[in-house]
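Notes for the structure review
Here's the letter readout for the chains.
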Amino acid sequence: GTGTFPVGATLFKAEYDDPECTEVLSYVLMVKQEPGSTPPEEHDWSWRRFDPDRREVIDPRAIPTTCIDCHDYHCAAPPYGHDYTCTPGAPEPMRP
């Protein structure tokens, strides 16, 4: 669709360090927040990352900035993604 995820929608995924997807590099958690409750660049999502042992990675220089930069470019709108979430197998956006 073209709308946004409902408040409270929770997305959790594993990121892998190998092509076979057997070695977990990290886990990522996104939770949709009330409209306007986050800084505008966070697009009403909270962004968190966890190491393979499920300990939260606290790095204010990278989280959520690195996550948001990537999602802004790769996943903002169809066909590449939806509401800043990535669509598996989608084509890469064309660079201007």
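It should be emphasised that the depicted structure is a prediction, and the values quoted were computed from it without experimental measurement. Every chain's residues receive numbers from 1 upward, in the order its sequence appears when written. Since the coordinates come from a predicted model, pLDDT governs what is reported: local features require at least 70, and pairs of side-chain atoms require 80 or more to be given and counted, while whole-chain, interface and lining totals use all residues. Water and hydrogen atoms were dropped before computing side-chain values, which therefore reflect all heavy atoms in the structure.

Bringing the overall build of the protein chain into the picture now. Regarding its fold elements, the protein chain presents 1 helix and 5 strands. Counting from the amino terminus, helix and strand elements in the protein chain follow one another as β-β-β-α-β-β. For this measure, only C-alpha atoms enter the radius of gyration; the expected value for a globule follows 2.2 Å times N^0.38, where N is the number of residues. A globule of 96 residues ought to have a C-alpha radius of gyration of about 12 Å, and the protein chain, at 14 Å, matches this closely. Counting only C-alpha atoms and orienting by the principal axes, one finds that the protein chain spans roughly 35 × 30 × 25 Å. For the exposure calls, accessible area comes from a 1.4 Å probe over protein chains only, and a residue counts as buried if that area is under 20% of its type's maximum, exposed if over 50%, partly exposed in between. In the protein chain, which comprises 96 residues, the proportion classed as buried is 28%. On the protein chain, roughly 6,400 Å² of surface is accessible, and the fraction owed to carbon and sulfur atoms is 56%. Only four residue types enter the charge count: Lys and Arg as positive, Asp and Glu as negative, with His and the chain ends excluded. Just so you know, the charge point we use is NZ for Lys, CZ for Arg, CG for Asp and CD for Glu. When the 8 positive and 17 negative side-chain charges of the protein chain are each reduced to one mean point, those points stand 2 Å apart. A run of DSSP states H or I qualifies as a helix once it reaches four residues; a run of E qualifies as a strand once it reaches two. Both are numbered from the N-terminal end. Every accessible area reported is derived by Shrake-Rupley at a probe size of 1.4 Å, with residue values counting cover from the shown protein chains alone.

Here the focus is the pattern of salt bridges. Side chains that carry opposite charge are capable of pairing whenever their charged atoms lie near each other. We define a salt bridge as a side-chain nitrogen of Lys or Arg found within 4 Å of a carboxyl oxygen belonging to Asp or Glu. Tallying each qualifying case throughout the model produces 6 salt bridges. As a salt-bridge pair, Lys13 and Glu15 come within 3.9 Å of each other at their nearest N and O atoms. By relative accessible area, Lys13 is classed as partly exposed at 42%. Looking at Glu15, the relative accessible area reads 23%, which means it is partly exposed. Look at the salt bridges and you will find they share partners, linking Lys13, Glu15 and Arg49 into a network.

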